[in-house]
Amino acid sequence: MFFVDTIELEGLGNRSYLAGGERTAVAVDPPRDIDTVLAAAARRGVRISTVVETHVHNDYVTGGLELARITGAAYLVPAGARVSFARTPVADGDTARVDTDLTLTAVATPGHTPHHTAYVLNEDGRPVAAFTGGSLLIGTVGRPDLVEPRLTEKLARAQHASARRLAEGLPDETAVLPTHGFGSFCSSAQADGDSTTIGKEKASNAALSVDVDTFVADLLAGLEDVPAYYTHMGPANAAGGAPVDLTPPAVAAPDEIAARLAAGEWVVDLRNRIAFAEGHVAGSFNFEVDGKLATYLAWMIPWGKPVTLLAESPEQIANAQRELVRVGIDRPAAAATGGPDRWLRGGERPASFPRSTFAGLAGQGADRIVVLDVRRDSERAAGWIEGSVHIPIHQLHQRLGEVPDGTVWVHCAGGMRAGIAASLLDAAGRDVVAVDDGFDAAADAGLPVATS
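Since the structure is predicted, the reported quantities are computational estimates derived from the model, not experimental observations.

K.L.:
Help me out: how do you make sense of the packing of helix α9 (residues 293–300) against helix α10 (residues 314–325) in this one?
P.N.:
Geometrically, a packed helix pair is captured by the angle between its two axes and the distance between the axes. In the contact formed by α9 and α10, the axes pass within 9 Å of each other and the chain directions differ by 65°. Here α9 and α10 pass one another in a crossing that is right-handed. Between α9 and α10, the contacting residues are L293, A294 and L297 on the first element and A320, E323 and L324 on the second.

This is the structure:
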């Protein structure tokens, strides 16, 4: 019997996999913190004999090269990928033994990248699962616009063909196990559900149900902005991800925290947005460790800017470090735990700002009130508060000067991004109220919601 274990990377919206038999296993698209994969193998009592990449990733730094080095495993990378390290190049139709009666077959599936390759897991020669990376996802496909703008339409057409190749070549009961689609911006849309098969995708995936021209037009029309840090992921992966250092960072005393803020460095408070609003170090930014920390912090911070982490506990610091190394933010400059009373110098008081709801916003007069919407373009297109200003969260740090005068009531779809935005505005000296509420409540509160 074979097994497939899923390694969830919730902060990035991705999955990695460990699959194998009684003695040996293959790791698919492993994260940079490879101890998670090694632990999964230890629980199964198997040796990792093979590591495979479906493509050169754009949204995280892989741990594949280091995992192969540590375990002595063969490192399989698509032959068309331009990389600068030794590996086993894989072409369409190549096979690799995983365990007794368990093999992998490489299937060229260009689209997400030109060299993208899926891997079909076969038991006794029968396909049982397909590791589809960024090709066929749950209800959608990987986006085709991350490599080169001039290739986007060509790759979108390739995605359509690749998805159909998988669907036509595999039995309906074959499990589809993608890397992207669970929150990653590498997906052209988010997964509808937690698991799927080839048969289910035939019934629901547009790549398998509409003609290529319609598919391409709809796919390209729905693409979101690309996170800024993606620019750095491809080159890091082409060079080979370096080993990570997850040891605790140096402890920052209040004087050092103040000095780093004065130097223009980023001091990031990892506590939940409620605690941050109630009291924080003036000038610090709030990125909740339990939110999409890696995605939004890496997207917004000037690349290479030193970051100091503040948290309630060493565990929060450790969790944040793990999230951040996955996107190439390797070492915090410093860290401190506790709360504002331990982070502020003698005589300093914590800064704070109010939180409210859409009902609270509806009770305000329009005079001197600015409603700031920090959702993505696609979210706003489905409905927005009339008269609101729109600046997506990932652009806000560079566009603070565009926010009109007045008290800023900032909202998103649920509250997390509004908390980030409120911290940026507060650090800039603006009077701000964080609307911590679901957007569906806006119309229920009587606010005028417009639609296109």
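K.L.:
Hey, could you run me through the side chain of T179 in this one?
P.N.:
Its location among the elements puts T179 in the loop between β11 (175–178) and α4 (198–204). You can call T179 buried: its relative accessible area is 1%. Of note is the side chain of T179, whose polar atom sits 2.5 Å from the side chain of D29. In this structure, T179 is in contact with G13, N14, R15, D29, T54, Y60 and G133, ignoring residues within four places of it in sequence.

K.L.:
Teacher, can you tell me more about the nonpolar core here?
P.N.:
It is characteristic of soluble globular proteins that their nonpolar side chains tend to be buried jointly. L270, F287, L309, L372, L396 and V410 are the most contacted members of the largest nonpolar core, which totals 54 residues. The dominant element in this core, judged by the number of residues it contributes, is α9, at seven residues. If you look at the next biggest cluster of nonpolar residues, it comprises 22 residues, including L18, V37, A41 and Y75.

K.L.:
Looking at this structure, how should I read the sheet that holds strand β10 (residues 126–133)?
P.N.:
Each strand in a sheet pairs with its neighbour through backbone hydrogen bonds, running either in the same direction (parallel) or in the opposite one (antiparallel). The strand order across the open sheet built from five strands is β7-β8-β9-β10-β11, with neighbouring strands paired in mixed fashion. Pairing within the sheet leaves two strands with one partner each, and these edge strands are β7 (95–99) and β11. Within the sheet, the average angular offset between the axes of one strand and its neighbour, ignoring direction, is 25°. Pairing geometry for strand β8 (residues 102–108) and strand β9 (residues 117–123), over seven bridges, is antiparallel. When the bridges of β9 are listed, V107 appears paired with A118.

K.L.:
Would you take a moment to explain the packing of aromatic side chains for this structure?
P.N.:
By convention here, two paired aromatic rings are described through the distance between centres and the angle between planes. Taken as a whole and assessed by the stated rule, the structure comprises nine aromatic pairs. Between Y17 and F131, the aromatic rings sit 5.5 Å apart at their centres with planes inclined by 50°, giving tilted as the arrangement. Of this pair, Y17 sits in strand β2 (residues 14–20) while F131 sits in strand β10, placing them 114 residues apart in sequence. Classification of Y17 by relative accessible area gives buried; the value is 1%. Both rings, one in F276 and one in F353, keep their centres 6.0 Å apart while their planes meet at 55°; by these two values the pair is tilted. Within this pair, whereas F276 is found in helix α8 (residues 273–278), its partner F353 is found in the loop between α11 (340–343) and β16 (355–356), the two being separated by 77 residues in sequence. The burial state of F276 is the same as that of F353; both residues are buried. Within the aromatic cluster, the residues linked to one another by ring pairs are F185, Y296 and W299. In this structure, R15 packs its charged tip against the face of F182, placed 3.8 Å from the ring centre. Over the face of the ring belonging to F439 we find R375, whose NZ or CZ atom lies 4.0 Å from the ring centre.

Cut-offs and rules
- Residues numbered from 1 in each chain as written.
- Predicted model: local features only at pLDDT ≥ 70, side-chain atom pairs only at ≥ 80, totals over all residues.
- Heavy atoms only, no water.
- Axes fitted to C-alpha atoms, helices over the stretch in contact; angles between N-to-C directions.
- Helix = DSSP H or I, 4+ residues; strand = E, 2+ residues; numbered from the N terminus.
- Left-handed = near helix turned anticlockwise from the far one by under 90°.
- Contact = heavy atoms within 4.5 Å.
- Buried < 20%, exposed > 50% of the residue type's maximum accessible area, 1.4 Å probe, protein only.
- Polar contact = N/O pair within 3.5 Å; in protein donor to acceptor, adjacent residues only side chain to side chain.
- Core = buried A, V, L, I, M, F, W, Y, C linked by side-chain atoms within 4.5 Å.
- Pairing = 2+ DSSP bridges.
- Phe/Tyr/Trp six-rings, centres within 6.5 Å; stacked < 30°, edge-to-face > 60°.
- Lys NZ or Arg CZ within 6 Å of the ring centre and 35° of its normal.

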